[in-house]
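Structural description and commentary
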Amino acid sequence: MEAPDTASPPQPLEEQWPRVRATIADATGILVCLDFDGTLAPIVEDPDDAMPTERNQEAVTTLADTPEVTTAVVSGRALSDVRERIDGPSIYAGNHGLELARGGDVTVHPVAREHAARIERLCAVLEVALASVPNCRVENKRLTGTVHFRAVPSAAVPTVRRLTHDIVDSVGGDTLELSPGKQILEIGPDLAWGKGDAVKVVAADEPSETAVIYVGDDVTDESAFRTVEPDGLGIRVGSDEPSNASARVESPAAVADFLSWLGSTAVDLLE
Ligand SMILES: [Mg+2]
């Protein structure tokens, strides 16, 4: 979706520690926004099997019970899907922020809603076209669609890419957009709206002295890093390739370390 607009690789979180502490010490509360796949949950071959690590679920539960902290999960999965996978947060954003659940309210981006029928049609065409590719899966997420090719034999991946491109062009015209993820192709409405916009909406409900933290692992998280940095903290999980995040951690296990620290030590640093 949105490429990083800074060229610098994120620094290991432990090297950013003074800044992390200072950011929290200047704040009265914390908004922690978390991607799901690759962040709370290790990436697995079958996306249906993805579950948060036990320690991440525990840490999120603790944060959700901490009055000074608001917890949001911001995922590319459909809202109904991601809600079933992780308990505790008071806020969930699904479909890269196109749908947002806060309290009892669910809001859907109006333009995305208009395109839902076209996504439905597109997914049906893709399913037929890709049916003969071993282990290729088309997921209809109502507002967006995903072609999963993690388990596809590597020789067949170029075919998956080409067919998907051609079909998105012919069914979507200029109303749908194709963007890459980790071993997936995402198809959604061609909208200037992403995870970063969802984070802005959520952050606007918090007091102005709130430290906003975003943790994610993929290209679609870059817009959210851009939203929170430099006043808040963006943490990229995994690689040290250039990112809008200023800090990075290695893995979902390291995310759990950080979230546990947030739920125990960090709240005592708040103003
Ligand atoms: Mg992810």
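Treat the numbers as computed from the prediction; the structure is a model and nothing was measured. Throughout, residues of each chain are indexed from 1 in the direction in which the sequence is written. Local features in this predicted model are restricted to residues of pLDDT 70 or higher, and side-chain atom pairs are both shown and tallied only at a pLDDT of 80 or more, whereas totals for entire chains, interfaces and linings draw on every residue. No hydrogens and no water enter the side-chain calculation; it runs on all heavy atoms of the structure.

It is worth spelling out the overall build of the protein at this point. Along its length, the protein carries 9 helices and 13 strands. By principal-axis analysis of the C-alpha atoms, the protein measures approximately 55 × 35 × 35 Å. The buried share of the protein, taken over its 271 residues, is 54%. Restricting to contacts in the protein with at least 6 residues of sequence separation, those with at least 24 account for 60%. Carbon together with sulfur atoms contributes 51% to the accessible area of the protein, which is approximately 11700 Å² in total. Here Asp and Glu are counted as negative and Lys and Arg as positive; His is not counted, and neither are the chain ends. Each charge is placed at NZ for Lys, CZ for Arg, CG for Asp and CD for Glu. Averaging the coordinates of the 22 positive side-chain charges in the protein and doing the same for the 46 negative ones gives two points 5 Å apart. Think of it this way: any DSSP run of H or I at least four residues long counts as a helix, any run of E at least two long counts as a strand, and we number them from the N terminus. Only protein chains enter the calculation, and the probe is 1.4 Å; a residue is then buried if its accessible area is under 20% of its type maximum, exposed if over 50%, and partly exposed in between. A contact between two residues is defined here by any heavy atoms of the two lying within 4.5 Å. The Shrake-Rupley method, run with a 1.4 Å probe, gives the accessible areas here. Residue values count only the displayed protein chains as cover.

What follows concerns the nonpolar core. Across soluble globular proteins, you tend to see nonpolar side chains buried next to one another. Here the nonpolar core consists of buried residues drawn from Ala, Val, Leu, Ile, Met, Phe, Trp, Tyr and Cys, with membership extended through side-chain atoms lying within 4.5 Å. Phe258, Leu259 and Leu262 are the most contacted members of the largest nonpolar core, which totals 37 residues. Looking at which element gives the most residues to this core, the answer is helix 9 (residues 252–264), with 5 residues. Not counting residues within four places of it along the chain, the set of residues in contact with Leu262 comprises Ile24, Ile30, Val32, Leu63, Ile213 and Val267. Core analysis: the second largest hydrophobic core is formed by 20 residues, Ile119, Val133, Val168 and Ile187 among them.

Let us look at the coordination of the magnesium ion. The donor definition counts N, O and S atoms within 2.8 Å of each metal and applies 3.2 Å to Na, K and Ca; water is not among these atoms, so some sites may look incomplete. Protein ligation of the magnesium ion involves Asp35 (OD), Asp37 (O) and Asp217 (OD), the donor distances falling in the range 2.1 to 2.2 Å. Of the residues examined, Asp37 reaches a relative accessible area of 22% and is grouped as partly exposed.

Turning our attention to the pairing of strand 12 (residues 233–237). Burial runs high along strand 12: 5 of the 5 residues are buried. Alternating residues of strand 12 divide into Leu233, Ile235 and Val237 and Gly234 and Arg236, and every residue in both groups is buried. Pairing geometry for strand 11 (residues 210–216) and strand 12, over 4 bridges, is parallel. Counted as the bridge partner of Tyr214 is Gly234 from strand 12. Between the parallel elements strand 11 and strand 12, the chain passes through helix 8 (residues 222–228) in a crossover that is right-handed. Here the rule is simple: two strands pair whenever DSSP picks up at least two bridges between them. The handedness of a crossover follows from its direction of travel: if, with the strands pointing away from the viewer, the path from the first strand over the helix to the second runs clockwise, the crossover is right-handed.

In this section: helix 7 (residues 195–203). Within helix 7 the residues assigned to the buried category are Lys195, Gly196, Asp197, Ala198, Val199 and Val202. In the core, the buried residues of helix 7 are packed alongside strand 2 (29–34), strand 3 (69–74), strand 4 (91–94), strand 5 (99–102), strand 11 and helix 8.

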